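One letter stands for each residue in the lines below.
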Amino acid sequence: MTGDVLELADKHVLGTCTARCKGSTPFIPTENLLDSLRLLGLLGLEETLNIEKQYQEDHSVKLIVEIDQEKMNTFKHRAATKISSRSKVPGFRPGKAPYEIVVRTFGDAAITEQAVDLLIDAEYSNILKEADVNPGATGSLESVDSLVPPKFTFRVPLAPEVDLGDYYSVRMPYEWQAPEQKDFDAAIEELRQMYASTENVDRAIEVGDYVLVDVVSETAELNRTGFATFVRKGDRDTEWPFNGFAKELSGLKAGENKTIKHSFPETWEVEELKGKDVEIEVTVKTVRGVTLPDLDDAFAKMTGAGETMEALTEAVKKDVESRSQNTYDDVYFVDLIEKVKEIATIKYHEHALEHEAEHVLSDLSNRLAQQSMDLETYFKVRETTREKFIEEEVKPVAKKRLERSLILDEIIRKESVQLDNEALDAEYNATLNALAMQGMDFSKLQGGRKGQKQLSEAIAMESASRVMTRKALEVLKSIAMGEYKPAEVSESSSEAEIVEAEVVEAPKAKKKSKKAAAVESAEETGSSSTEEAKPE
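What counts, and at which threshold
Residues numbered from 1 in each chain as written. Predicted model: local features only at pLDDT ≥ 70, side-chain atom pairs only at ≥ 80, totals over all residues. Heavy atoms only, no water. Helix = DSSP H or I, 4+ residues; strand = E, 2+ residues; numbered from the N terminus. Buried < 20%, exposed > 50% of the residue type's maximum accessible area, 1.4 Å probe, protein only. Contact = heavy atoms within 4.5 Å. Areas by Shrake-Rupley, 256 points an atom, 1.4 Å probe, with all protein chains shown as cover. Phe/Tyr/Trp six-rings, centres within 6.5 Å; stacked < 30°, edge-to-face > 60°. Core = buried A, V, L, I, M, F, W, Y, C linked by side-chain atoms within 4.5 Å. Axes fitted to C-alpha atoms, helices over the stretch in contact; angles between N-to-C directions. Parallel < 35°, antiparallel > 145°, perpendicular 65-115°, else oblique. Nonpolar A, V, L, I, M, F, W, Y, C, P; charged D, E, K, R; others polar. Expected span 1.5 Å × (residues − 1). Arc of directions from axis to C-beta. Pairing = 2+ DSSP bridges. Patch = residues over 30% accessible without salt bridge, like charges linked within 9 Å, V, L, I, M, F, W, Y side chains within 5 Å. Salt bridge = Lys/Arg side-chain N within 4 Å of Asp/Glu carboxyl O. Left-handed = near helix turned anticlockwise from the far one by under 90°.

**Student:** Explain the overall build of the protein here, please?
**Tutor:** Each helix and strand in the protein was counted, giving 15 helices and 13 strands. For the protein, the residues scored as buried account for 39% of the 536 residues in total. Taking the intrachain contacts of the protein between residues at least 6 apart in sequence as the baseline, contacts between residues at least 24 apart amount to 70%. When the accessible area of the protein is evaluated, it comes to approximately 30100 Å², of which 48% is carbon and sulfur surface.

Written out as structure tokens, the structure is:
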């Protein structure tokens, strides 16, 4: 009997993905049918469940459930009918063999196994309801403790819980400063560089030249063949391999070389270069001089940002201001949420972290695909394994993302943040326009109308997520600046009315804040090189 009991327990893992309906089993529930039959008096059975709850340290709960023996017998009869309907019983039509004949033919163990399947399928949701458990994911049948009387132990991951503490007391000044005129001038200059013409020149390298070089070093991460760089007047943090590298080439001609020494700080983002002293042998292959376009209306039209220089200047100014504020916001909101997290209490099951880690790894895989690389190749380049990479790099990022999103979700809930149609429409249309500008032809989507509908739903959900995230962040910002006044929400407003809205010419969008996009952007590398591709 012990062996049979263990086999039954091993069979029933009730799912591991939070994408499933909370608390559902892998089977089609028959709860409504059973309830109807009970109401009609056709079952003649009372709901008899004796449930003991044992809360676990991993934010799950054990449910030890004892079920009425008569109910178990009823499910054994159903199991016998099901078995006889799909198997041949000599002398009887499918499903018509008497219970005793089915037991003699197939054995009591087979009947019991099928009965447990049917019972769990029908009663699992009732068990959760009667136990007053809020599941965070589907549970599992941990053990069949006995069959007489029927006694089962379930393990159920609980839904995450967040206590924000006294978050109204959090203070953090918002000190973004608008860009200066020199920042606008630099942006215009970069735009001129984009539309400049170049030609090979037989002279020494000057500021403003494009240079093609070969880079050789004992440090493998620094070797490049045919690497193109631009000699800028000012500094740029994103310059490879370090800020000021191109300036070191000034005065060299095509065919000449130079040895450059550099010390990388311990805080350098590339692991292999942290705290390292290196020597780089640079050979200049080509020097190309640059001819910049004049700053006139013709140049403005060339860029497509305006018909006149005045219009172009205004467009550039708005773009520079927007990027500057977005960069500040990325850091500000990450730090602000961390301050809230310091006084908050967050509980979640390991399953929630694993599920978020899957999203992080999927995001990384998509970014690598844009560089024509898959994850396995990336692991080889990084000289690591999937398991080590997930444990050391993916999970820490997933933990930050999960906890930030849980905090924002709780802010939305507690402050009754509402999703309005106007903001959702604007976000939805902005996303469509961005996809169109990237060259997406909606009429050629795979799947025809069904594919278009699926894309529309995905855009609507993602748009709703971004809008709700921004609203939650604005609430936090207002609190941190001591300016927040809670909005009054009608008592008759239901939660569904607060977090749901219809998208014009799109399917309904529901609240979704799994990804706090405005916050996550602070972790994105935006890199086009495989060395810098990291989970966000």
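So, next bit.
**Student:** Help me understand the packing of aromatic side chains, please; the structure alone is not making it clear to me.
**Tutor:** The description of two aromatic rings rests on the distance between their centres and on the angle between their planes. Going through the model one piece at a time under the given rule, you end up with 18 aromatic pairs. With 5.0 Å between their ring centres and 85° between their planes, Tyr174 and Tyr332 make a pair best called edge-to-face. Of this pair, Tyr174 sits in the loop between strand E5 (161–163) and helix H6 (181–194) while Tyr332 sits in helix H8 (residues 309–343), and the two are 158 residues apart along the sequence. This pair shows no difference in class: Tyr174 is buried, exactly as Tyr332 is. When the centroid spacing of 6.3 Å and the interplanar angle of 80° are considered together, the rings of Phe242 and Phe264 count as edge-to-face. Taken as a pair, Phe242 in the loop between strand E8 (224–230) and strand E9 (257–263) and Phe264 in the loop between E9 and strand E10 (277–291) lie far apart in primary sequence, 22 residues in all.

**Student:** What is the right way to read the nonpolar core from this model?
**Tutor:** It is characteristic of soluble globular proteins that their nonpolar side chains tend to be buried jointly. In terms of nonpolar packing, the biggest core is built from 45 residues, with Leu336 and Ile411 touching the most fellow members. Mapped onto this core, the elements with two or more residues apiece are H8, helix H9 (350–369), helix H10 (375–381), helix H11 (386–414) and helix H13 (448–480). The biggest single contributor to this core is H11, with 10 residues. The residues touching Leu336, leaving out its near neighbours within four places in the chain, are Val170, Met172, Leu476, Lys477 and Ala480.

**Student:** Sorry if this is basic, but what is going on with the packing of H8 against H13 here?
**Tutor:** Packed helices, taken two at a time, are described by the angle their axes make and the gap between the axes. Two elements in contact, H8 and H13, have axes whose closest approach is 11 Å; the angle formed by their N-to-C orientations is 70°. The pairing of H8 with H13 is recorded here as roughly perpendicular in orientation. Facing H8, whose interface residues are Tyr332, Phe333, Leu336, Ile337 and Val340, H13 presents Leu473, Glu474, Leu476, Lys477 and Ala480. Residues that form the contact of H8 with H13 fall into these classes: 8 nonpolar, no polar and 2 charged.

**Student:** Would you explain helix H3 (residues 69–86) in this entry?
**Tutor:** In an α-helix, one turn spans 3.6 residues; hence positions three or four apart end up facing the same way. The terminal C-alpha atoms of H3 lie 26 Å apart, and with 18 residues this matches the ideal 26 Å at 1.5 Å per residue to within 8%. For H3, the set of buried residues is Lys71, Met72, Phe75, Lys76, Ala79, Ala80, Ile83 and Ser84.

**Student:** Looking at this model, I keep getting lost on helix H12 (residues 421–437). Mind explaining?
**Tutor:** A rise of 1.5 Å per residue sets the reference length of H12, with its 17 residues, at 24 Å; its end C-alpha atoms lie 24 Å apart and thus fit the reference within 8%. Buried within H12 are the following residues: Leu424, Asp425, Glu427, Tyr428, Thr431 and Leu435. Viewed along the axis of H12, the buried residues span an arc of 170°, placing them on a single side of the element. Along H12, exposed side chains directed more than 90 degrees from the buried face belong to Glu422 and Met437. After H12 finishes, the residue Gly439 shows a positive phi value of roughly 100°.

**Student:** Can you help me understand the environment of Val360 in this one?
**Tutor:** Structurally, Val360 is set in helix H9. Each C-alpha atom of the pair Val360 and Arg401 lies 8.9 Å from the other, and the pair is 41 residues apart in sequence.

**Student:** Explanation requested: the sheet that holds strand E3 (residues 140–147) in the structure shown.
**Tutor:** Backbone-to-backbone hydrogen bonds pair the strands of a sheet. The strands run either parallel or antiparallel. Strands sit in the order E1-E2-E4-E3 across an open sheet of 4 strands; the sheet is antiparallel. Each having just a single partner strand, strand E1 (49–55) and E3 make up the two edges of the open sheet. Sheet twist, expressed as the mean angle between neighbouring strand axes with direction ignored, is 20°. Relative to strand E2 (residues 60–67), E1 is paired through 7 bridges, and the arrangement is antiparallel. When the sheet's bridge partners are listed, Tyr55 is paired in E2 with Val61. The sheet strands contacting helix H5 (residues 108–131) are E1, E2, E3 and strand E4 (150–157), and the helix crosses E4 at an angle near 55°.

**Student:** I'm lost on a nonpolar patch on the surface in this one. Help?
**Tutor:** Together, Met194, Tyr195 and Met302 make up an exposed nonpolar region whose accessible area comes to about 320 Å². Of note, Tyr195 is situated in the loop between H6 and strand E6 (197–200). In this structure Tyr195 comes out as partly exposed when scored by relative accessible area, which is 31%.

**Student:** Before we go on, may I ask you to explain the pattern of salt bridges in this structure?
**Tutor:** Pairs may arise between side chains of opposite charge once their charged atoms sit close together. The full count for this structure, using the stated rule, is 28 salt bridges. Here Glu350 and Lys395 are joined by a salt bridge, their closest N and O atoms 3.5 Å apart. With Glu350 in helix H9 and Lys395 in helix H11, the pair connects residues that are 45 residues apart, well separated along the chain. The partner of Glu427 in a salt bridge is Arg470, and the shortest N-O contact between them spans 2.5 Å. A residue pair is termed long-range when its members are at least 10 positions apart, and Glu427 in helix H12 and Arg470 in helix H13 qualify at 43 residues. On the accessibility criterion, Glu427 (13% relative accessible area) is buried. Salt bridges here are not isolated pairs; linked through shared partners, they connect Glu338, Lys341, Lys399, Glu403 and Arg404.

**Student:** I keep staring at the packing of H6 against H8 and nothing clicks. Help me out?
**Tutor:** Close contact between H6 and H8 brings their axes to 9 Å; oriented N to C, the two are set at 110°. By the angle between their directions, the pair H6 and H8 is classed as roughly perpendicular. H8 is crossed by H6, and the crossing has right-handed handedness. Residues Asp183, Phe184, Ala187, Ile188 and Leu191 of H6 pack against Leu312, Val316, Lys317, Val320 and Glu321 of H8.

**Student:** I tried to follow unusual backbone geometry on my own but got confused; where do I start?
**Tutor:** Leaving glycine out, the prevailing phi sign among residues is negative, and the prevailing peptide bond configuration is trans. Note that the residue after Val148, namely Pro149, is joined by a cis bond; omega there is -5°. Position of Pro149 relative to the elements: it lies in the loop between E3 and E4. Following Trp240, the chain continues to Pro241 via a peptide bond in cis, the omega torsion being -5°. Relative to the assigned elements, Pro241 resides in the loop between E8 and E9. Non-glycine residue His59 carries a positive phi angle of around 65°. Tracing the sequence through the fold places His59 in the loop between E1 and E2. Look at His59 and you get buried, because its relative accessible area is 9%.

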